[in-house]
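The lines below spell out each chain.
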Amino acid sequence: MARLLEYQGKDIFSRFKIPTPKGKVVRRLEEAKAAADDIGYPLVVKAQVYAGKRAKSGGIRIVNDDNELLSAVPVMLSSTVRGLPTDTLLVEEKVDVKREIYVGVTADPSSRTPVVIVCGEGGVDIEEMAQQRPDALLKFYVDILRGMHVYDALNLLRSVPGISSQERLAVARVICSLYALYRHHDCKLAEINPLALATDRVVALDSRVDIDDDAVSRQAGLNIEMAEEAGNRSATVLERVAGSIDHNDHRGTVHFVQIDPDLSYIREHNMTPIGFDCVGAGASLAMMDELVPLGFYPVDFCDTSGNPVGSKLYRITRIIFSQPGIEGYVFLSCISSQQLDNTARGIIKALKEIYVESGGQPNIPSVLAFRGAWDEDAIKLLADHGIMGGRWVRVLGRDATERSTAETFAALHREWKAAGGRC
Amino acid sequence: MRENRTLGKKLLEFKVRSGGTIAIDIQRCIECETKACVKVCTIQGGPLVLDVEQQVPSLRWSLAEIERGGCVECLGCELDCELYGKRAVQVNLPLAGFDEYLRSVAELLVYQVD
């Protein structure tokens, strides 16, 4: 999914008439000072990163005057929040909060409908609350043909004690607007955590808007540059490059995420980094489960599915092999209808361009397991083009399992190391 | 509709859906006996994009139809021509931002980039 930053979500909130605090996006101290002059103290300065629990990590600070602002902003712009560098801040008016309420709209897989969720106790640690006290969360399953109406929201809010009728009506309108936003922007999640009941109004203090990555092409106005989910961080350069593969061509898909872009986790755990591509996400996970216990850690997750054209395999193979430090490559297909001869052609063309002098034979251990439609043709192509005969290449067929593929790779890697393999 | 865009040209070049081009050096094709690129350009047993006309490859569809997805970008034309033909086909598939990325990590790469 494509996750928007808080200020981007609040921009959409404003368009749907969901009240938000007065605020400005800043990237330099001078801009922050100008925003403070415009809004007035006290202010809340919030780091714009893809991370939850920012307040607990120093990513949200309250400033009461110029001195506090001048000391807080440079520190926040030069630090990280939960490991994420901060280059953008949101400077907002501080709202006097009487009470906080959680409001969210998401997709419910079991009912296959959108579900509106409200929690009258606020949204601190909402995930834990959902597990430990599910009764505290009020839900309304929405029939998308009927829609969400104010009286539906009012009925839901009747179970929230301690709010006035005026507040109840204001919150109900926010819920309906949030549902409209959720539908209009093809969201997977639209969330206000918290929705503050202030002295004279209700106001969304935070926003979370996640767009369905399959719908990004319909949401051109949001200027989402990267649809792929990369956890609680922004996309890497290589992920952005990979993300462009599907832009103009929907014949099959390529999903690529760098699991450990700087290899820090792999080094810390004394493991061996490898490039990785599978046909099918399930096969990817099963293959990882076999590789990791043997000491090999895929630096990327990659799933090429839906019978992608050969050119997609070519492009993603170039990308996978361009990751610095990899000591091997594993490709494995699940048993599917994917036309593996096209898959093989993409890989062959990429290898021939990367390893020009050896005619496409990699200089790192590489195991390719072709299982499924046209698998014998795929293997023949690798043989015909001379790649299969490479010293550091093993090509497996439909009798290979995830475990035998991992063991074949481990043996080849040992041999490669013993021969003085690079890295 | 079928269009012969080959005759009188030295290069047969057309765009593909994903953003890229396929270029065929027609001068080399004149001496090619296999026409391997045409043989591999099939789908469900029938011809797809390439055909043979007057001893050289030609297009079965308009350039717009091919760019819209008529070519399935299997890359077989380039690879089979390399093995069985005259190395006359070049499939160019750019990746936005990739060259810059490669330059930025050139010192760190395991493999050599030409």
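Residues numbered from 1 in each chain as written. Chains lettered and ligands numbered in written order. Predicted model: local features only at pLDDT ≥ 70, side-chain atom pairs only at ≥ 80, totals over all residues. Heavy atoms only, no water.

A. Local environment of the overall build of chain B. Secondary structure assignment for chain B yields five helices and seven strands. Listing the helices and strands of chain B from first to last along the sequence gives β-β-α-α-β-β-β-β-α-α-β-α. Counting over 114 residues, chain B shows a buried share of 46%. At a minimum sequence separation of 6, the contacts of chain B that also span at least 24 residues come to 54%. If you sum the accessible surface of chain B, you get close to 6,300 Å²; carbon and sulfur atoms cover 50% of it. (Helix = DSSP H or I, 4+ residues; strand = E, 2+ residues; numbered from the N terminus. Buried < 20%, exposed > 50% of the residue type's maximum accessible area, 1.4 Å probe, protein only. Contact = heavy atoms within 4.5 Å. Areas by Shrake-Rupley, 256 points an atom, 1.4 Å probe, with all protein chains shown as cover.)

B. Representation of the pattern of salt bridges in the model. Residue and element names in this part refer to chain A. Per the counting criterion, the structure on display carries 34 salt bridges over all chains. For arginine 54, the salt bridge is made with glutamate 6, and the minimal N-O distance between the two is 2.9 Å. Of the two residues, arginine 54 sits in the loop between strand 3 (43-47) and strand 4 (60-63) while glutamate 6 sits in helix 1 (residues 6-15), which places them 48 residues apart along the sequence. Grouping residues by exposure puts arginine 54 and glutamate 6 together as buried. Ionic pairing is found between arginine 208 and aspartate 210, a salt bridge with its closest N-O pair at 2.9 Å. The partly exposed category is assigned to arginine 208, whose relative accessible area is 24%. For aspartate 210, a relative accessible area of 1% gives the class buried. Overlapping salt bridges, with partners in common, bring together Glu6, Lys10, Lys46, Arg54, Glu92 and Asp206 in one network. (Salt bridge = Lys/Arg side-chain N within 4 Å of Asp/Glu carboxyl O.)

C. The sheet that holds strand 2 (residues 23-26) of chain A, seen in detail. Residue and element names in this part refer to chain A. As summarised here, the arrangement of the four strands in space is 2-7-3-4, forming an open sheet in which the pairing is antiparallel. Pairing within the sheet leaves two strands with one partner each, and these edge strands are strand 2 and strand 4. Adjacent strand axes in the sheet meet at a mean angle of 20°, parallel and antiparallel pairs treated alike. For strand 3 and strand 4, the ladder comprises four bridges, and the chain directions are antiparallel. (Pairing = 2+ DSSP bridges. Axes fitted to C-alpha atoms, helices over the stretch in contact; angles between N-to-C directions.)

D. Quick look at the nonpolar core. All names here are of chain A. Judged by nonpolar contacts, the single largest core of 65 residues is most densely connected at Leu291, Ile316, Ile319 and Phe370. For this core, the element with the highest residue contribution is helix 11 (residues 340-354), accounting for six residues. Residues Ile163, Tyr179, Ala204 and Leu222 belong to the second largest nonpolar core, which totals 41 residues. (Core = buried A, V, L, I, M, F, W, Y, C linked by side-chain atoms within 4.5 Å.)

E. Fine view of the interface of chain B and chain A. With 33 residues of chain B at the interface, the matching set in chain A holds 37 residues. For the pair chain B and chain A, the two sides together bury roughly 3,000 Å², of which 58% comes from carbon and sulfur. Counting across the chain B and chain A interface gives three salt bridges. One salt bridge in this structure joins lysine 349 of chain A and glutamate 78 of chain B, with 3.0 Å as the shortest N-O distance. Our enumeration of links across chain B and chain A arrives at 13 residue pairs in polar contact (both at pLDDT 80 or more). With six residues, helix 4 (residues 76-84) of chain B is the largest single contributor of residues to the side of chain B that touches chain A. Looking at the side of chain B that touches chain A residue by residue, the classes come out as 21 nonpolar, seven polar and five charged. (Buried area = accessible area lost by both parts, 1.4 Å probe. Polar contact = N/O pair within 3.5 Å; in protein donor to acceptor, adjacent residues only side chain to side chain. Nonpolar A, V, L, I, M, F, W, Y, C, P; charged D, E, K, R; others polar.)

F. How the structure looks around the sheet that holds strand 7 (residues 89-92) of chain B. Residues and elements named next belong to chain B. The three strands are arranged 1-2-7 in an open sheet whose pairing can be described as antiparallel. In this open sheet, the two edge strands, each paired with only one partner strand, are strand 1 (11-16) and strand 7. When the angles between neighbouring strand axes are averaged without regard to direction, this sheet yields 15°. Alignment of strand 2 (residues 20-25) against strand 7, held across four bridges, turns out to be antiparallel. Bridge assignment links isoleucine 24 to a residue of strand 7, and that residue is valine 89.

G. Broad picture of the domain arrangement of chain A. Residue and element names in this part refer to chain A. Considered domain by domain, chain A is made up of domain 1 (22-93), domain 2 (97-214) and domain 3 (225-418). Spacing between the C-alpha centres of domain 1 and domain 2 amounts to 27 Å. Counting residues at the interface gives six residues for domain 1, matched by five residues for domain 2. Note on domain 1 versus domain 2: buried area summed over both sides is about 340 Å², and carbon and sulfur give 11% of it. Scanning the region where domain 1 abuts domain 2 turns up two salt bridges. Put simply, glutamate 93 and arginine 201 hold a salt bridge, and the shortest N to O gap is 3.3 Å. For the interface between domain 1 and domain 2, the tally reads three residue pairs in polar contact (both at pLDDT 80 or more). Tallied by class, residues from the side of domain 1 that touches domain 2 come to no nonpolar, no polar and six charged. (Domains from an automatic or database assignment.)

H. Fine view of unusual backbone geometry. The omega angle of the peptide bond from tyrosine 41 of chain A to proline 42 of chain A is -5°, so this bond is cis rather than trans. Within the element layout of this structure, proline 42 of chain A appears in the loop between helix 2 (29-39) and strand 3. The omega torsion of the bond from asparagine 193 of chain A to proline 194 of chain A falls at 10°, within 30 degrees of zero and hence cis. Position of proline 194 of chain A among the secondary structure elements: in strand 11 (residues 187-198). The phi torsion at glutamate 73 of chain B lies on the positive side, around 55°, for a residue other than glycine. If you trace the backbone, glutamate 73 of chain B turns up in the loop between helix 3 (63-70) and helix 4. Residue glutamate 73 of chain B is classed as buried on the basis of its relative accessible area, which comes to 3%. Of note, the phi angle at leucine 75 of chain B is positive, near 75°, even though the residue is not glycine. As for its placement among the helices and strands, leucine 75 of chain B is situated in the loop between helix 3 and helix 4.

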